[in-house]
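Descriptive analysis of the structure
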Amino acid sequence: MEPYLLRALAAGIGLAVVSAPLGCFVVWNRMAYFGETVAQASLLGVALGLMLQLDLTVSVLAVALIVAGLLILAGRQTAVPVDSILGLMHFGALAAGVIATALVRGPSVDLMGYLFGDVFAVTGVDLVWVYGGGALALAAMAWLWSSLLRLAVHEELATAEGVDRDRVRIAFTLILALTIAIGMKIVGILLVIAFLIVPSVAARPFSATPERMVVLAALAGIASTLLGLGLSLSTDAPGGPSIVLVMSILAGLSLALGTASRRSR
């Protein structure tokens, strides 16, 4: 097997495993729009990295953390609904990122590559980010698991029992930003949030416990990576979008089977 294909497989599988527990909490807490806003704002990080000649993963992570912090602060105000603030920053950040990358001096910027990724261009350094950053993210999720689960089940009760809601949310947001930064190279800024949401949606109809949903989400992500890369190689389609397309098909089949199973009872 070609080295570039092995790196693509390793990167996709690593991202699928890291994204599984995060994605479940994104789905449970209805944070999909939040995650997408942070992801699209990461394009500003790409422009910043290109202008200052920084490692793009570092610059994307820095911008993602700043935007996530701003969203947390914005969520505390009561003048405007939170979803309206998310909409404002969602489109504003994407537009600013596109303009910023267009203004970067030097060689022309492959905007499509950053937006949709190139899994076959993953390097050894990228794999270090995926597995090193992924190990850190999984360790933090294991540490926060009980508190996050209690908040997802009943926020007011969990707070009354001593769970520091703000601290847990900030920590979770930091982990989310890290995952978006390391996933950008694989599937791109516009599709990275799909790795978090779609496998979790596919797993939900067949999950009796939170832990089972995480395991099934990881398996769905891994299977989508294998099938998506196979589809890409056989049709010459882009790798990242092929993976996400397979994920979406699996999620659709899962929801259909889950609905049929419930009706037959």
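None of these values were measured; they are calculated from a predicted model. (Residues numbered from 1 in each chain as written. Predicted model: local features only at pLDDT ≥ 70, side-chain atom pairs only at ≥ 80, totals over all residues. Heavy atoms only, no water.)

Between its terminal C-alpha atoms helix α8 (residues 165-187) stretches 31 Å, which fits the 33 Å expected from 23 residues at 1.5 Å a residue. Of all the bends in α8, the greatest, near 25 degrees, is centred on Ala-181. Where α8 begins, the side chain of Asp-164 points an oxygen toward the backbone nitrogen of Arg-167, at a separation of 3.2 Å. (Helix = DSSP H or I, 4+ residues; strand = E, 2+ residues; numbered from the N terminus. Expected span 1.5 Å × (residues − 1). Bend = angle between axes of the 7 residues up to and from the residue. Polar contact = N/O pair within 3.5 Å; in protein donor to acceptor, adjacent residues only side chain to side chain.)

Moving on to the pattern of salt bridges. In total, this model carries 4 salt bridges according to the counting rule given. Across the pair Glu-155 and Arg-165 runs a salt bridge whose closest N-O atoms are separated by 2.7 Å. On the criterion of sequence distance, the pair formed by Glu-155 in helix α7 (residues 155-160) and Arg-165 in helix α8 is long-range, its members being 10 residues apart. Its relative accessible area of 32% is what places Arg-165 among the partly exposed residues. Arg-169 is paired through a salt bridge with Glu-155; the nearest N and O atoms lie 2.6 Å apart. Taken together, the positions of Arg-169 in helix α8 and Glu-155 in helix α7 put the pair 14 residues apart, joining distant regions of the chain. Overall, Arg-169 belongs to the partly exposed group, its relative accessible area being 43%. (Salt bridge = Lys/Arg side-chain N within 4 Å of Asp/Glu carboxyl O. Buried < 20%, exposed > 50% of the residue type's maximum accessible area, 1.4 Å probe, protein only.)

Moving on, we get to the environment of Met-141. Within the fold, Met-141 resides in helix α6 (residues 124-153). Overall, Met-141 belongs to the buried group, its relative accessible area being 2%. Distance in space between the C-alpha atoms of Met-141 and Pro-21 is 7.4 Å, their sequence separation being 120 residues. Contacts of Met-141, omitting those with residues within four sequence positions, involve Pro-21, Leu-22, Phe-25, Leu-148, Phe-172 and Ile-175. (Contact = heavy atoms within 4.5 Å.)

Another aspect to go through is the packing of helix α9 (residues 192-203) against helix α11 (residues 239-264). One can describe the packing of α9 onto α11 by two numbers: an axis separation of 8 Å at closest approach and a directional angle of 25 degrees. For the element pair α9 / α11, the angle class is roughly parallel. Seen from above, α9 lies across α11 with left-handed handedness. Contact with α9, carried on its side by Ala-194, Phe-195, Val-198, Pro-199, Val-201 and Ala-202, involves Ile-243, Val-244, Met-247, Ser-248, Leu-250, Ala-251, Ser-254 and Leu-255 of α11 and no other residues of that element. Taken together, the residues of the contact of α9 with α11 break down into 12 nonpolar, 2 polar and no charged. (Axes fitted to C-alpha atoms, helices over the stretch in contact; angles between N-to-C directions. Parallel < 35°, antiparallel > 145°, perpendicular 65-115°, else oblique. Left-handed = near helix turned anticlockwise from the far one by under 90°. Nonpolar A, V, L, I, M, F, W, Y, C, P; charged D, E, K, R; others polar.)

At their nearest, the axes of helix α2 (residues 32-52) and α8 sit 10 Å apart, and the two run at 55 degrees to each other. What the angle tells us is that α2 and α8 run oblique. Considering the relative orientation of α2 and α8, their crossing is right-handed. Between α2, through Phe-34, Gly-35, Val-38, Ala-39, Ser-42 and Val-46, and α8, the contact on the second element is made entirely by Thr-173, Leu-176, Ile-180 and Met-184. In the contact of α2 with α8, the residues fall into 7 nonpolar, 3 polar and no charged.

Quick look at the packing of aromatic side chains now. In this structure the tally under the stated criterion is 4 aromatic pairs. Look at Phe-25 and Trp-28: their rings are 4.9 Å apart centre to centre, the planes differ by 90 degrees, and that puts the pair in the edge-to-face class. Here Phe-25 pairs with Trp-28, and both are found in helix α1 (residues 3-28), just 3 residues apart, close to one helical turn. Grouping residues by exposure puts Phe-25 and Trp-28 together as buried. Three or more aromatic residues link up through ring pairs in this structure, and these residues are Phe-25, Trp-28, Trp-145 and Phe-172. (Phe/Tyr/Trp six-rings, centres within 6.5 Å; stacked < 30°, edge-to-face > 60°.)

Turning our attention to the environment of Val-38. Relative to the elements of secondary structure, Val-38 occurs in helix α2. Residue classification places Val-38 among the buried residues on the basis of a relative accessible area of 1%. Each C-alpha atom of the pair Val-38 and Ala-11 lies 21 Å from the other, and the pair is 27 residues apart in sequence. Other than its neighbours up to four places away in sequence, Val-38 contacts Ala-64, Val-67, Ala-68, Leu-71 and Ile-180.

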